[in-house]
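As a plain string of letters, each chain reads:
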Amino acid sequence: SNYFCTLRSDTFDQGSFTGCTPDYTTKAYCNLMEYSADLDSLYQYFPSKPKLGGDQYSDFCPVYRDASNGHCKDWGTTKATVYETELGEETGEFSRCIMGSAVKGGQSRPYQITQTTFASCHKVSCVLSDGLYEVTITFKGDSASVTCRHNEAGLSKSPTGGTMTGLIVCPD
C-alpha cells in the first residue's frame, strides 16, 4: 500500500510531493497520468476512469517515484528542497520523509505546497522501549516532537512541546 498512489502530481517540484518512497528516504510524486485512450482492461486500476494509470514500466499501476530534489538524507549531489523556516525540515543521515501538515507557529504552508497533507524531511530516532520500538520525529529550529509507538502506524498525531501546529502521520 505504500507504493500505490491516487493523488496526481501536476508538476514535479516541491508542491507536488504527495508522498514518500516506501523506504521513507525521499519525498516523492505520484506518477498518475491520463492517457489519450482507454488502457487495456487488465491495466485499469480506476474502473470509472479507464484512461488513468501510471507508467508502462509498472504495468500502468500508479506508484510513488522519488524526486531528484527530495532526498532527505542528502545523497550524492542532489539535496532536498527544504523548508526549514516554515516546516522545520532537516536533511541528513538520520532524516526521513514524513507525511503530515505540521508547520511552525506563526508560519503558513509555503505557497509551493498545494495539498493539505504533504511530504517533508525530518530527523527521526528509533529506540527500543519496553521491548517495543518507538519513533520520535523532531523539527529543526523548534522544540516540538512527535513520538509514535509500534501500534500507531498511520495515526495522525499533534506535535508537543514547541510551536508546531498541524499533524504528523506516524510511519509504519
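For the structure itself, consult the block above.
Model, not experiment: these values are computed from the prediction. Positions within a chain are numbered from 1, following the residues in the order the chain's sequence is written. Selection of residues for local features in this predicted model requires a pLDDT of at least 70, selection of side-chain atom pairs for listing and counting requires 80 or more, and totals for whole chains, interfaces and linings are taken over all residues. The side-chain figures draw on all heavy atoms in the structure; neither hydrogens nor water molecules are used.

1. Considering the layout of surface pockets
No. 1: Computed from the structure, the second largest pocket encloses a volume of approximately 270 Å³.
No. 2: Only protein atoms enter the 1 Å grid used here. Points where a 1.4 Å probe fits but cannot escape make up a cavity, open sets with protein on both sides within 12 Å along at least five of seven lines make up a pocket, and a residue lines them when an atom lies within 4 Å of a point. Taken together, 18 residues form the lining of the second largest pocket, with Tyr-24, Cys-126, Val-135, Pro-171 and Asp-172 sitting closest to its centre.
No. 3: Where the lining of the second largest pocket is concerned, the elements lending two or more residues are strand S6 (95–100), strand S7 (118–129), strand S8 (132–138) and strand S9 (145–149). Grid points are joined across faces, edges and corners, and a volume is the space filled by probe spheres set on the points. Secondary structure counts use DSSP, requiring at least four H or I residues in a row for a helix and at least two E residues in a row for a strand, with both numbered from the N terminus.

2. Remarks on the pairing of S6
No. 1: Partly exposed describes any residue whose relative accessible area lies between the buried limit of under 20% and the exposed limit of over 50%, with all areas from a 1.4 Å probe on protein chains only and scaled to the type maximum. By the criterion of burial, S6 is predominantly enclosed, with five of the six residues buried.
No. 2: The pairing of S6 with S7 spans six bridges and is classified as antiparallel. Note that in S7 the partner of Cys-97 across the bridge is Cys-121. Paired strands, as defined in this entry, are two strands with at least two bridges between them according to DSSP.

3. Looking at the pattern of salt bridges
No. 1: Salt-bridge detection follows one rule: a side-chain nitrogen of Lys or Arg within 4 Å of a carboxyl oxygen of Asp or Glu. Inspection of every chain in the model, using the stated rule, returns five salt bridges.
No. 2: The partner of Asp-55 in a salt bridge is Arg-65, and the shortest N-O contact between them spans 3.1 Å. With Asp-55 in the loop between strand S4 (52–53) and strand S5 (64–71) and Arg-65 in strand S5, this residue pair connects regions lying ten residues apart in the sequence.
No. 3: Under the relative-accessibility criterion, Asp-55 is labelled buried at 16%.

4. A word on the packing of aromatic side chains
No. 1: Here a Phe, Tyr or Trp ring, Trp counted by its six-membered ring, pairs with any other such ring whose centre lies within 6.5 Å, and the pair is stacked when the planes are under 30 degrees apart, edge-to-face when over 60, and tilted otherwise. Evaluation of the coordinates by the stated rule reveals four aromatic pairs.
No. 2: The rings of Phe-4, Tyr-45 and Phe-46 are connected pair by pair, giving a single aromatic cluster.

5. Focus: the state of the cysteines
No. 1: Pairs of cysteine sulfur atoms within 2.5 Å are what we label disulfides. Scanning the model with the defined rule gives four disulfides in all.
No. 2: Note on cysteine connectivity: Cys-20 is disulfide-linked to Cys-97, with sulfurs 2.1 Å apart. Taking the sign of the torsion about the S-S bond as the criterion, the disulfide between Cys-20 and Cys-97, at about -75 degrees, is left-handed. With Cys-20 in strand S1 (residues 19–20) and Cys-97 in strand S6, this residue pair connects regions lying 77 residues apart in the sequence. By the burial criterion, Cys-20 is buried, and Cys-97 matches it.

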